[in-house]
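Residues per chain are reported as follows:
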Amino acid sequence: MYEPKIIGFLCNWCSYRGADTAGMARLKYATNVKVVRVPCSGRISPELVLRTFREGADGVMVLGCHIGDCHYGTGNHRTAKRMPILKKLLEYNGIDPERLYINWVSAAEGEKFATVIDEFTDKIRAMTPFEEVMK
Amino acid sequence: MSEEVRIGVYICHCGSNIAGTVDVAEVARWAGELPNVVVGRDYKFMCSSLGQELIEKDIKEQNINRVVVASCSPHLHEPTFRNACSRAGVNPYLFEMANIREQVSWVTADKADATRKAKALVAAAVNRVAYQQPLNSLFVPINSNVLVVGAGVTGIQAALEIADSGNHVYLVEREPSIGGHMAQFDKTFPTLDCSACILTPKMFNVGNHKNVTMLTWSEVEKVDGYIGNFTVTIRKKARFVNEELCTGCGVCQEKCPKKVIDDVFEAGIGYRKAVYTPFPQAVPKYPVIDKENCTFFLKGTCKACQKFCPRDSIDFDQQDEIITVKVGNIILSTGWDLFDARQIPQYGYGSLPNVFTSLEFERMTNAAGPTSGKVYLRDGVTVPKSVAIIHCVGSRDRNYNNYCSAICCMQSLKFAHLVGEKTGAEVFECYIDMRTPAKAYDEFYQRIMKEGVHFIRGKVAEITDAARTPEEEGKTIVQVEDTLIGKQRRIPVDMVILSAGLEPRHDAKQVAIKFGISCSIDGWFIEKHPKLDPVATMTDGVFVAGACQGPKDIPASVAQGAAAAARVLSIIGQGEIEIEAATSVVNEETCVGCKECISTCPYTAIEFLEDTKKAHVIEALCKGCGTCVGACLSKSISLKHFTDEQLVAEMIGAMRTMTLFEAQGQEVA
């Protein structure tokens, strides 16, 4: 067992506020995920995710607004299309695609936020540390 | 980064909110040793004027040129600290915030874990801020027109405030008349003044105001643009009545042979005609023809209304009209729907004849309603001798809605009074908790208690017509546990009124999407801040007021309508507004002109320059989502303030801190 290092890219309007909502409800969850705020999940280029793995992250989370809820209308449509392709690319390169997590969390879903953080942290913790895999 | 980077880091205690869980002094000490950091401090309340002065002083005395504050969510205080930086001469975009309250201290039980996470987030922010660039805001003029959606008492109040200030309002209402739910009521609590007497003058004023364009029987179809510059497409449904000619004489309604159950205004207990105004004082006075029920539209014959109209104003060929208006701000006051009591079958609504909903009872007691204000059983003739009023129907119940509907206790007390006044019947109130927290509300409760109403504290289990004793025969029986005496009781009554809760409009979610705002788990529109910004939303220029934001009584709704209007007027008063400075920019050196960005942009803010064959961002249209950045194949677009360099720096700051802790044998988390 080890403590995985995880970066979560959160959209500013839904998921980041969902994280704030979890805070306002004082829900306790694992501290492994460090959040980087982006305006929209559509801003998260594949390179940014790959760069995060290169830095040694054991897992990367991409959280955006639910489809239809995007502050920018259709930014998350791109995320929904882009990330599955990126998962395939990770697999092709020998990185377990399960290390990349995509989900939608609204500003109201504090409980869901805390749950997905805990579940993903547990899942990554059960995997071999990424740095050992890459050796 | 030509000049030397000198960062000031400030760790907020937030009283004990952060300091109770995070070792703030240790985080400040540690931050002080990070690269480029000149000062690391902790302070009790960074958002206080003294806290802000601390930053300003360091900027002036220690030549700090970048600032990191680790405190609450940037959604709360980013503007506060950006302003502090501005005042001291540091560009606001050279400020970065680490969220160590909502996302650390409040969500972490272990102090060491929380302190480590706070350090990682502070390191991320410090790393990021070194790469941040000063940005200058763009200013765009504000269109002084305002759109108000929903013309209940909230929307009317908002529209009047704005119109009286000399600005133009488009007031959109989907029903044939303005007035909303308040127009259905007879008396209002706690004063028992007549609802129509206080509402209709306002309806008249707004309907005749020179600065108000009233669009009833209309719905918003599409909203484009941004604060200051919205373009709104409205569908004005065909009334089949020429508004230029109609005088509202009402002959058409008299002559129309088709009676229809009115389940909107009369809550299903009264009738209207197929051509109708919902009520006599309707504003505007023009009727509408209900196409679904009109004999002419169904069978091709009749036209009685047309025949008798003295002004020849019936127009069966009228078409829906699409209207486009330009506004600078939008207020949503779309109100609420009544909880459908059929969802609780054990309460018998819909199956037991003498179980009524609150809205049905409101209409029944209304002097202008279907029974002319007489309280009758469902047979329409019998006056009840005993009435039970059930609180919290569909509210405070995890099977239906968790929340308290806020108005039902007072409404039920009002019903108790009205039943007593109109019928002299014995009244039983079955409540869980009595909630009467506003001005003069508890006094009203005391008054109703003195009127001899029986108060039974307990949640009703069942309402049935299955009699167990001869005296229960023919009655509606309320089975309830009286928790004050600790006994199960069966109360046979003639009439039961269900004080059904308030629910978000059935289409609130679609409306939210249309206007780019969010709904809570319960479905109410989410305000920007529950205490300090109750009528703004996360979308600039879109405000919410009244019960669409959560259950509210009339005084609170009116206050919010006025508050939203005040917010809008303050924006209009500024004349122009700062728009997103963090826009995308194309590097023309490397752009290959593939147009991929153009197809991804949700705002058509990217144009293709034919002469250079390069993409170009129109700054005033760009909202800064960065979707184009994620799509650009040649890495030629960057989003200011969220550049790859900045985001990678932030990520690295967090990653390297975690790696450092790992190397030191500590938990990385």
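Heads up: these notes are all about the structure in this document. The written sequence of each chain sets the order in which its residues are numbered from 1. Think of it this way: whatever chain is written first is A, whatever ligand is written first is 1, and the rest follow in order. Predicted model: local features are reported for residues with pLDDT of at least 70 only, side-chain atom pairs are reported and counted for 80 or more only, and whole-chain, interface and lining totals are derived from all residues. Think of the side-chain values as coming from all heavy atoms in the structure, minus any hydrogens and water.

**Details of the overall build of chain B**
Put simply, DSSP marks the helices as runs of H or I at least four residues long and the strands as runs of E at least two long, and each gets a number from the N terminus on. Secondary structure summary: chain B contains 18 helices and 34 strands in total. Principal axes of the C-alpha set define a box for chain B whose edges measure 90 × 70 × 40 Å. Each residue's exposure class comes from its accessible area (1.4 Å probe, protein chains only) as a fraction of the maximum for that residue type: buried when under 20%, exposed when over 50%, partly exposed otherwise. Across the 669 residues that make up chain B, the buried fraction comes to 56%. Here, residues are in contact when the closest pair of their heavy atoms is within 4.5 Å. Sequence separation of 24 or more characterises 69% of the internal contacts of chain B that already satisfy a separation of 6 or more. Method for areas: the Shrake-Rupley scheme with a 1.4 Å probe, in which residue coverage is limited to the protein chains shown. Of the roughly 27700 Å² of accessible surface on chain B, 50% is carried by carbon and sulfur atoms. Charge assignment in this entry is limited to Lys and Arg as positive and Asp and Glu as negative, and neither His nor the chain termini are counted. A charged residue contributes its charge at one atom only: NZ of Lys, CZ of Arg, CG of Asp or CD of Glu. Side chains of chain B carry 70 positive and 80 negative charges; the gap between the two charge centres is 3 Å.

**A short note on the side chain of Thr121(A)**
All names here are of chain A. With respect to the secondary-structure elements, Thr121 resides in helix H4 (residues 110-125). We classify Thr121 as buried; its relative accessible area is 1%. Once you skip the residues sitting within four places of it in the chain, Thr121 turns out to touch Pro4, Ile6, Ala30, Asn32 and Val33.

**Section: the packing of helix H6 (residues 153-164) of chain B against helix H7 (residues 195-207) of chain B**
All names here are of chain B. The angle between two axes is taken between their N-to-C directions and runs from 0 to 180 degrees, where each axis is a line fitted to C-alpha atoms and a helix contributes only its stretch in contact. Viewed as axis vectors pointing N to C, H6 and H7 meet at an angle of 50°, and their least axial separation amounts to 10 Å. In terms of orientation, H6 and H7 fall into the oblique class. The way H6 lies across H7 gives a crossing that is left-handed. Contact residues: H6 offers Val153, Ile156, Gln157, Ala159 and Leu160, while H7 offers Leu199, Lys202, Met203, Asn205 and Val206. Residue type decides the class: Asp, Glu, Lys and Arg count as charged, Ala, Val, Leu, Ile, Met, Phe, Trp, Tyr, Cys and Pro as nonpolar, and the leftover types, Gly among them, as polar. Tallied by class, residues from the contact of H6 with H7 come to 7 nonpolar, 2 polar and 1 charged. Small angles under 35 degrees read as roughly parallel and large ones over 145 as roughly antiparallel, with 65 to 115 read as roughly perpendicular and the rest as oblique. Rotating anticlockwise by less than a right angle from the far helix to the near helix defines a left-handed crossing, while the corresponding clockwise rotation defines a right-handed one.

**Thoughts on the environment of Lys259(B)**
Residues and elements named next belong to chain B. Mapped onto the secondary structure, Lys259 falls in strand E13 (residues 259-262). In sequence terms Lys259 and Phe316 are 57 residues apart; their C-alpha atoms lie 19 Å from each other. Ignoring any residue separated from it by four or fewer positions in sequence, one finds Lys259 in contact with Tyr271, Arg272 and Lys273.

**Things to note about a nonpolar patch on the surface**
Patch membership requires over 30% relative accessible area and the absence of a salt bridge. Like charges are linked within 9 Å, and nonpolar side chains (Val, Leu, Ile, Met, Phe, Trp, Tyr) within 5 Å. Salt bridges are defined by distance alone: a side-chain nitrogen of Lys or Arg within 4 Å of a carboxyl oxygen of Asp or Glu. A contiguous nonpolar patch, built from Leu50(A), Leu89(A) and Tyr92(A) and spanning about 340 Å² of accessible area, is present on the exposed surface. For Leu89(A), the position within the fold is in helix H3 (residues 75-92).

**Regarding the sheet that holds strand E25 (residues 476-482) of chain B**
All names here are of chain B. Spatially, E24-E25-E26 is the arrangement adopted by the 3 strands of the open sheet, whose pairing is antiparallel. Looking at which strands have only one partner, the edges of the open sheet turn out to be strand E24 (460-464) and strand E26 (487-493). On average, adjacent strands in this sheet sit at an angle of 20° to one another, irrespective of strand direction. By this definition, two strands are paired if DSSP reports at least two bridges between them. With 4 bridges connecting them, E24 and E25 associate as antiparallel partners. In the strand pairing of E25, Glu462 is matched with Gln479.

**Re helix H2 (residues 46-54) of chain A**
Among the residues of H2(A), those classed as buried are Leu48(A), Val49(A), Thr52(A) and Phe53(A). Buried positions in H2(A), seen along its axis, are confined to an arc of 140° and lie on one side of it. Those residues of H2(A) that are buried lie in contact with strand E1 (6-11), strand E3 (59-64), H3, strand E4 (100-104) and helix H5 (130-134) of chain A together with helix H18 (644-663) of chain B. Within two residues after H2(A), Gly56(A) carries a phi angle of roughly 105°, on the positive side. The reported arc concerns the directions from the helix axis to the C-beta atoms and nothing else.

**Some remarks on the state of the cysteines**
Cysteine sulfur atoms are paired as a disulfide whenever they fall within 2.5 Å. Counting across every chain of the model gives 2 disulfides over all chains. Here Cys14(A) is linked by a disulfide to Cys65(A), with a sulfur-sulfur distance of 2.4 Å. Here the S-S torsion is close to 100°, and the disulfide linking Cys14(A) with Cys65(A) is therefore right-handed. A residue pair is termed long-range when its members are at least 10 positions apart, and Cys14(A) in the loop between E1 and helix H1 (15-24) and Cys65(A) in the loop between E3 and H3 qualify at 51 residues. Cys65(A) matches Cys14(A) in its accessibility class, with the two residues each being buried. Its sulfur unpaired, Cys70(A) is 4.1 Å from the next cysteine sulfur, which belongs to Cys40(A). On the accessibility criterion, Cys70(A) (6% relative accessible area) is buried. Cys85(B) carries a free sulfur, and the closest cysteine sulfur to it, the one in Cys72(B), is 14 Å from it. Take Cys85(B): its relative accessible area is 0%, and that puts it in the buried class.

**Some words on empty space enclosed by the protein**
The pocket and cavity definitions rest on a 1 Å grid over protein atoms only: a 1.4 Å probe that fits but cannot leave marks a cavity, an open set with protein on both sides within 12 Å along at least five of seven lines marks a pocket, and residues lining either have an atom within 4 Å of a point. Grid points are joined across faces, edges and corners, and a volume is the space filled by probe spheres set on the points. One pass over the full model with this rule turns up 7 cavities of 30 Å³ or more. Taken together, Trp13(A), Cys14(A), Arg17(A), Asp69(A), His71(A), Gly516(B), Ile517(B), Ser518(B), Ile526(B), Thr537(B), Met538(B) and Thr539(B) make up the lining of the largest cavity. Grouping the amino acids of the lining of the largest cavity by side-chain chemistry returns 5 nonpolar, 5 polar and 2 charged.

**Considering the sheet that holds strand E22 (residues 426-431) of chain B**
Residue and element names in this part refer to chain B. Reading across the sheet, the 5 strands line up as E20-E27-E21-E22-E23 and stay open at both edges, with parallel pairing between neighbours. For this open sheet the edge positions go to strand E20 (355-357) and strand E23 (454-457), each flanked by a neighbour on one side alone. In this sheet, neighbouring strand axes are inclined to one another by 20° on average, regardless of whether the strands run parallel or antiparallel. The sheet contact formed by E20 and strand E27 (residues 495-500) spans 3 bridges and is parallel. Bridge pairing in E27 links Val355 to Val496. Here helix H11 (residues 358-365) sits on the sheet in contact with E20 and E27, set at roughly 85° to E20.

**Focus on the interface of chain A and chain B**
Opposite the 51 residues of chain A that make contact, chain B presents 58 residues. By buried area we mean the combined loss of accessible area, with a 1.4 Å probe, across both parts when two parts are placed together. With both chains or domains summed, chain A and chain B bury close to 4700 Å², and 59% of this area falls on carbon and sulfur atoms. One can count 6 salt bridges joining chain A with chain B. Arg656(B) is paired through a salt bridge with Glu55(A); the nearest N and O atoms lie 2.7 Å apart.

**A word on the packing of aromatic side chains**
Residue and element names in this part refer to chain B. Two rings from Phe, Tyr or Trp (for Trp, the six-membered ring) form a pair when their centres sit within 6.5 Å of each other. Planes less than 30 degrees apart are called stacked, planes more than 60 degrees apart edge-to-face, and all others tilted. Within this structure, the stated rule accounts for 18 aromatic pairs over all chains. Between Tyr445 and Phe455, the aromatic rings sit 5.4 Å apart at their centres with planes inclined by 75°, giving edge-to-face as the arrangement. Within this pair, whereas Tyr445 is found in helix H13 (residues 441-450), its partner Phe455 is found in strand E23, the two being separated by 10 residues in sequence. Among the residues examined, Tyr445 registers a relative accessible area of 13% and is labelled buried.

**Topic: the environment of Glu221(B)**
Residue and element names in this part refer to chain B. With respect to the secondary-structure elements, Glu221 resides in strand E11 (residues 218-226). A residue is classified by how much of its surface remains accessible, and Glu221, at 37% relative accessible area, is partly exposed. Sequence spacing of Glu221 and Val9 is 212 residues, and the spatial spacing of their C-alpha atoms is 48 Å. Polar contact criterion, stated in full: a pair of N or O atoms within 3.5 Å, where within protein one must be able to donate a hydrogen and the other to accept it, and residues adjacent in sequence count only if both atoms are side-chain atoms. Engagement of the side chain of Glu221 in a polar contact is seen with the side chain of Arg235, the distance being 2.8 Å.

Any link to function would need more than the numbers given here.
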